[in-house]
Each structure stands twice: as structure tokens, then as C-alpha cells.
Amino acid sequence: GAGVSQSPRYKVAKRGQDVALRCDPISGHVSLFWYQQALGQGPEFLTYFQNEAQLDKSGLPSDRFFAERPEGSVSTLKIQRTQQEDSAVYLCASSPLVKTYNEQFFGPGTRLTVL
Amino acid sequence: DAKTTQPNSMESNEEEPVHLPCNHSTISGTDYIHWYRQLPSQGPEYVIHGLTSNVNNRMASLAIAEDRKSSTLILHRATLRDAAVYYCILSAAGNKLTFGGGTRVLVKP
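Keep in mind that this is a model prediction, so the values were computed, not measured.

Caption draft 1: Fine view of the overall build of chain B. Helix and strand counts for chain B come out as zero helices and nine strands. Its helices and strands taken in sequence order, chain B reads β-β-β-β-β-β-β-β-β from the N to the C terminus. Against the 2.2 N^0.38 benchmark of 13 Å for 109 residues, chain B shows a C-alpha radius of gyration of 13 Å, consistent with a compact globule. Along the first, second and third principal axes, the C-alpha set of chain B runs to 40 × 30 × 25 Å. Looking at chain B alone, contacts between residues at least 24 apart form 56% of all its contacts between residues at least 6 apart. Averaged over its 10 positive side-chain charges, chain B has a centre that lies 5 Å from the centre of its 10 negative ones.

Caption draft 2: Quick peek at the sheet that holds strand β1 (residues 5-7) of chain A. Residue and element names in this part refer to chain A. What the four strands build is an open sheet, ordered β1-β3-β8-β7; its pairing is antiparallel. Strand pairing shows two members of the sheet lacking a second neighbour, β1 and β7 (65-68), which therefore form its edges. For this sheet, the mean inter-axis angle between neighbouring strands, taken without regard to orientation, is 15°. Where β1 and strand β3 (residues 19-24) come together, three bridges link them in antiparallel fashion. Bridging from a neighbouring strand, Ser 7 pairs with Arg 22 of β3.

Caption draft 3: Representation of the interface of chain A and chain B in the model. Contacts between the two partners involve 19 residues from chain A and, on the opposite side, 18 residues from chain B. Here chain A meets chain B over a buried area of about 1400 Å², counting both sides, of which 57% is carbon and sulfur. Interface area lost by chain A to chain B is led by Pro 43, Tyr 101 and Phe 106 of chain A, which between them contribute 41%. Linking chain A with chain B are zero salt bridges, by the criterion used here. Where chain A touches chain B, the interface holds four residue pairs in polar contact (both at pLDDT 80 or more). Ranked by the residues each element gives to the side of chain A that touches chain B, the list is headed by strand β4 (residues 31-37) of chain A, at three residues. Split by residue class, the side of chain A that touches chain B holds eight nonpolar, seven polar and four charged.

Caption draft 4: Just unusual backbone geometry, in detail. Here Ser 7 of chain A and Pro 8 of chain A are connected by a cis peptide whose omega angle stands at -10°. In this structure, Ser 41 of chain B is a non-glycine residue whose phi angle is positive, near 60°. Of note, Ser 41 of chain B is situated in the loop between β3 (32-38) and β4 (45-50). Look at Arg 68 of chain B: it is not a glycine, yet its phi comes out positive at around 65°. Along the chain, Arg 68 of chain B turns up in the loop between β6 (61-64) and β7 (70-75).

Caption draft 5: Region of the structure containing the sheet that holds strand β2 (residues 18-23) of chain B. Residues and elements named next belong to chain B. With respect to topology, four strands assemble into an open sheet ordered β2-β7-β6-β5, the strand pairing being antiparallel. In the strand order of this sheet, the two ends are held by β2 and β5 (55-56), each with one partner. Strand direction decides the pairing type here: β6 and β7, joined by four bridges, are antiparallel. Each residue of the ladder has a partner; that of Leu 62, found in β7, is Leu 73.

Caption draft 6: Highlighting the pairing of β3 of chain A. Residue and element names in this part refer to chain A. Burial of the side chains of β3 is restricted to one face: Val 19, Leu 21 and Cys 23 are buried, whereas none of Ala 20, Arg 22 and Asp 24 on the reverse face is. Bridge analysis of β3 against strand β8 (residues 75-79) gives five bridges, and the strand direction is antiparallel. In the strand pairing of β8, Val 19 is matched with Ile 79.

Caption draft 7: Geometry of the packing of aromatic side chains. Residue and element names in this part refer to chain A. Evaluation of the coordinates by the stated rule reveals eleven aromatic pairs over all chains. Between Phe 33 and Tyr 35, the ring centres sit 6.2 Å apart and the planes meet at 25°, which makes this aromatic pair stacked. Among the residues examined, Phe 33 registers a relative accessible area of 1% and is labelled buried. Among the residues examined, Tyr 35 registers a relative accessible area of 0% and is labelled buried. On the numbers, 6.5 Å between centres and 40° between planes, the contact of Phe 65 with Tyr 90 is tilted. Note that Phe 65 is positioned in strand β7 and Tyr 90 in strand β9 (residues 88-95), a separation of 25 residues in sequence. You'll find Phe 65 and Tyr 90 in the same group, each marked buried.

How each quantity is defined
Sequence order as written defines residue numbering, which begins from 1 separately in each chain. Whichever chain is written first becomes A and whichever ligand is written first becomes 1, with later ones labelled in order. Only residues with pLDDT of at least 70 are given local features in this predicted model, and only at 80 or more are side-chain atom pairs given and counted; all residues enter the totals for whole chains, interfaces and linings. Side-chain figures throughout are based on the complete set of non-hydrogen atoms in the structure, without hydrogens or water. We count a stretch as a helix when DSSP gives it H or I for four or more residues in a row; a strand needs E for two or more, and each element gets its number in order from the N terminus. For this measure, only C-alpha atoms enter the radius of gyration; the expected value for a globule follows 2.2 Å times N^0.38, where N is the number of residues. In what follows, a contact means two residues having at least one pair of non-hydrogen atoms within 4.5 Å. Only four residue types enter the charge count: Lys and Arg as positive, Asp and Glu as negative, with His and the chain ends excluded. Charge coordinates come from a single atom per side chain, which is NZ of Lys, CZ of Arg, CG of Asp or CD of Glu. Any two strands with at least two DSSP-identified bridges between them are counted as paired. The axes are straight lines fitted to the C-alpha atoms, using for helices just the contacting stretch, and the angles between their N-to-C directions are given from 0 to 180°. Summed over both partners, the accessible area (1.4 Å probe) lost when two parts come together is defined as the buried area. By convention in these notes, a salt bridge is any Lys or Arg side-chain nitrogen within 4 Å of a carboxyl oxygen on Asp or Glu. Counting of polar contacts relies on pairs of N or O atoms within 3.5 Å, with two restrictions inside protein: one atom must be capable of donating a hydrogen and the other of accepting it, and residues adjacent in sequence are counted only when both atoms are side-chain atoms. Each residue receives one of three labels: charged for Asp, Glu, Lys and Arg, nonpolar for Ala, Val, Leu, Ile, Met, Phe, Trp, Tyr, Cys and Pro, and polar for the others, Gly being one of them. For each residue, the accessible area found with a 1.4 Å probe, counting protein chains only, is set against the maximum for its type, and the residue is called buried under 20%, exposed over 50%, and partly exposed in between. When the centres of two rings from Phe, Tyr and Trp lie within 6.5 Å, Trp using its six-membered ring, the rings pair. Their planes under 30 degrees apart give stacked, over 60 give edge-to-face, and anything left gives tilted.

What follows is the structure, given as C-alpha cells:
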């Protein structure tokens, strides 16, 4: 079946522009996670949704970062007034259930380059 | 989340086993031990997980120390496709994953 998809795969933005990154999780998956991966580093947690509820946004680096999942399926990560330090790969992952063990299924990521 | 310690890199010859160690001395009773790997230019993919007992699946085996303060991921016969960064992660069920630096595995033909 279809895995997690993300779009666009690559995004180049000028400093100060707003960007929106989309994640299509596996159908029926309840949990959705966003991670940020800087070059040469492991992924770092940004935020977590259970259905449409954003239960944890402790990893969002600033108030320029905003995520939503209004209908409990597709999610969008928005970054306002992009800065060069926002350049990274943004990964989305989904998982089917809550409170029992489930692996996270990752998408291919969106590589954001801020010039 | 509890911290894990892994070697930065390891090399193996193709068709030989690879043993990847992970130390996690501050593991809590509810922490699962997860292993994910990340191939170049791809998102991480699940490899295996365990709680207390050793585990086997089609990809690998996970050996967990009796005191749970360390574990070893075993790739039984490395192939070139197994060249990746392998991450050992602790977290409770359903929680976010806290990745460290991982171990970069190089497989030589």
C-alpha cells in the first residue's frame, strides 16, 4: 500500500518568505509526527498530533513554526519569515494506534533550503 | 527521554555479521528499545524493537542485556544495501522518538 508522502520534495525559499510543507500520512493512522533534520545530524522532534489534536508542540523552535491537521489526516507545517537556520530536511511520520507499541512510518522528507 | 550511546561508525565486509552496540544505562521500566536506520537521502525506517526479551525479525536480531542497560543490534549477513546510519532510541509506547547521532555502517564488498 501507499506509504507516507510529502510534498514538495525540495523547496528553495528566499529569506523572509513563508513556506508550507505537506504530509499525507498512511490512511487511518491516528498519530502524526513532524521532525527536523539538519545536515549530518539525527532527526529532532518538532510536534505531534493525535487525530486533529496537537498534543505536543514542545519541539517547535520558534513562533514562526506552525503545524495543523484540521481533519485528522493531511498535515501542513508552515514556517513564516524563513531564516537560513531553517534550512533542513523536514520529515513526517505516522503511526496507527496510541498507547500500544507501533512503529513510526516515515516519509521521504522535504529538503528546505533558505537562501 | 533517556540517553543512548553508540559508536560513531563501524565497518563490515559483505556477507559477514554486524554487531551494533548501544548503551542506555538510564533506561526506565516503560522504555522500549527501538532501532531505526536511515539510508542516504531517505527517511528513517523501522528495524526492530524490544522491551526485555531478545527479538528476531526478518531484518535483524536484538539482544537485550539482562539489566536492560545495553543492547546489540545484529545484522546476520550484511549486504551493500545495509549501509546506513543506525539509530538506537528509547521511548515509551506511542511517544516521540529522540534520535542521537547514530552509528554509520559501511559495508565493504
